[in-house]
Amino acid sequence: MNVTEMLAKPLSQRLLGSGIPARFAYTALDGDPRVVPIGFLWTGSEIKMYTVPTSAKVRALKKNPRVAITIDTESFPPNVLLIRGAASLELVDGVPDGYVEASRKMIPAEQMDGWETGVRALYEHMVIITIRPDWAKLLDFETTLPKAVEDLVKAHGDPR
């Protein structure tokens, strides 16, 4: 199954549209991995994230744009969407509408106006991080499992 088909699955779409922060992994300038929770916006073909121009992740992504993203649930069985791709960076003036839209998924409606006013007053510039997925895997732990677990089930039988 190709990336577009994987991301078009109903469960993938539900996770991509959720208010769950993505776990965003990249390689820091010191060579060590970093994972940060971050709000995101799915455009239908790309994942957009927004940050401060002076952030460590911006400096690191300029050197090595390869990233991994996980969007998952806390429920059982877990639902997990794994994505890999290369990040591109765009410096913009002010606060992009996409940042507000992505944040709206996580901020309670009654707090949104005050939050948006504060953010627009704070940021003169932001960086839009855009990831076009080039690999994706969806795990629902009912019909799809991690490869190593799949191999165990084939070797020993399904214990369910």
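Residues numbered from 1 in each chain as written. Predicted model: local features only at pLDDT ≥ 70, side-chain atom pairs only at ≥ 80, totals over all residues. Heavy atoms only, no water.

A few points about the overall build of the protein chain
- Looking only at helices and strands, one finds 6 helices and 7 strands in the protein chain.
- Reading the helices (α) and strands (β) of the protein chain from amino to carboxyl end gives α-α-β-β-β-β-α-β-β-α-α-β-α.
- Seen through its C-alpha atoms, the protein chain measures out along the principal axes to roughly 60 × 40 × 25 Å.
- For the protein chain, with 160 residues in total, the buried portion stands at 40%.
- Residue pairs in contact within the protein chain that sit at least 24 positions apart in sequence constitute 68% of those at least 6 positions apart.
- Of the accessible surface of the protein chain, which amounts to about 9,200 Å², a share of 55% is contributed by carbon and sulfur atoms.
- Taking the average location of the 19 positive side-chain charges in the protein chain and that of its 20 negative ones, the two points are 5 Å from each other. (Helix = DSSP H or I, 4+ residues; strand = E, 2+ residues; numbered from the N terminus. Buried < 20%, exposed > 50% of the residue type's maximum accessible area, 1.4 Å probe, protein only. Contact = heavy atoms within 4.5 Å. Areas by Shrake-Rupley, 256 points an atom, 1.4 Å probe, with all protein chains shown as cover. Lys, Arg positive; Asp, Glu negative; His and termini not counted. Charge placed at Lys NZ, Arg CZ, Asp CG, Glu CD.)

Focus: the packing of aromatic side chains
- Going through the model one piece at a time under the given rule, you end up with 4 aromatic pairs.
- Consider the rings of Phe24 and Tyr26, whose centres lie 5.9 Å apart with planes at 40°: the pair is tilted. Tyr26 matches Phe24 in its accessibility class, with the two residues each being buried.
- An angle of 90° between the planes, with centres 6.2 Å apart, marks the rings of Tyr99 and Tyr123 as edge-to-face. Here Tyr99 is found in helix H4 (residues 97-104), whereas its partner Tyr123 is found in the loop between helix H5 (109-122) and strand S7 (125-139), with 24 residues between them in sequence. (Phe/Tyr/Trp six-rings, centres within 6.5 Å; stacked < 30°, edge-to-face > 60°.)

A short note on the nonpolar core
- If you look at the biggest cluster of nonpolar residues, it comprises 28 residues, and the most contacted ones within it are Leu16, Phe24, Ile47, Met49, Ile69 and Ile131.
- Of all the secondary structure elements, the ones that give two or more residues to this core are helix H1 (3-8), helix H2 (10-16), strand S1 (22-27), strand S4 (47-51), helix H3 (56-63), strand S5 (66-72), strand S6 (80-93) and S7.
- For Ile47, the residues in contact, after removing those within four places along its chain, are Leu16, Phe40, Leu41, Trp42, Ile69, Ile83, Ile129, Thr130 and Ile131.
- Counting residues in each nonpolar core, the second largest holds 12 residues, with Leu41, Val95, Ala102 and Val119 among its members. (Core = buried A, V, L, I, M, F, W, Y, C linked by side-chain atoms within 4.5 Å.)

Overview of the pattern of salt bridges
- Within the structure shown, the criterion is met by 7 salt bridges.
- With its nearest N and O atoms 2.6 Å apart, the salt bridge here joins Asp134 to Arg66. With Asp134 in strand S7 and Arg66 in strand S5, this pair connects stretches of sequence that are 68 residues apart.
- Under the relative-accessibility criterion, Asp134 is labelled partly exposed at 41%.
- The salt bridge partner of Arg120 is Asp97, with a shortest N-O separation of 3.5 Å. With Arg120 in helix H5 and Asp97 in helix H4, this pair connects stretches of sequence that are 23 residues apart.
- Look at Asp97 and you get exposed, because its relative accessible area is 60%.
- A cluster of three or more residues bridged by salt bridges with shared partners is formed by Glu46, Lys48 and Arg132. (Salt bridge = Lys/Arg side-chain N within 4 Å of Asp/Glu carboxyl O.)

Considerations on the sheet that holds S1
- Strands sit in the order S2-S1-S5-S6-S7-S4-S3 across an open sheet of 7 strands; the sheet is antiparallel. Edge positions in the open sheet fall to strand S2 (33-38) and strand S3 (41-42), since each of these has one partner strand only.
- When S4 meets S7, the two strands line up antiparallel, connected through 5 bridges. Among the inter-strand pairings, Met49 is bridged to a residue of S7, identified as Ile129.
- Sheet strands in contact with H3 are S1, S2, S4, S5, S6 and S7, and its direction is about 55° off that of S1. (Pairing = 2+ DSSP bridges. Axes fitted to C-alpha atoms, helices over the stretch in contact; angles between N-to-C directions.)

A short note on the environment of Met126
- With respect to the helices and strands, Met126 occurs in strand S7.
- With near-sequence residues (within four places) excluded, Met126 lies in contact with Tyr50, Thr51, Pro53, Glu90, Leu91, Val92, Gly94, Val95, Pro96 and Tyr99.

Considering H4
- Looking only at H4, the buried set comprises Gly98, Tyr99, Val100, Ala102 and Ser103.
- Contacts made by the buried residues of H4 are with S3, S4, H5 and S7.

Some words on H3
- Restricting attention to buried positions, one finds in H3 the residues Lys57, Val58, Ala60 and Leu61. Looking straight down H3, one finds that the buried residues subtend no more than 165° of arc, so they occupy a single side. Turned more than 90 degrees from where H3 packs its buried face, Lys62 and Lys63 sit exposed. (Arc of directions from axis to C-beta.)

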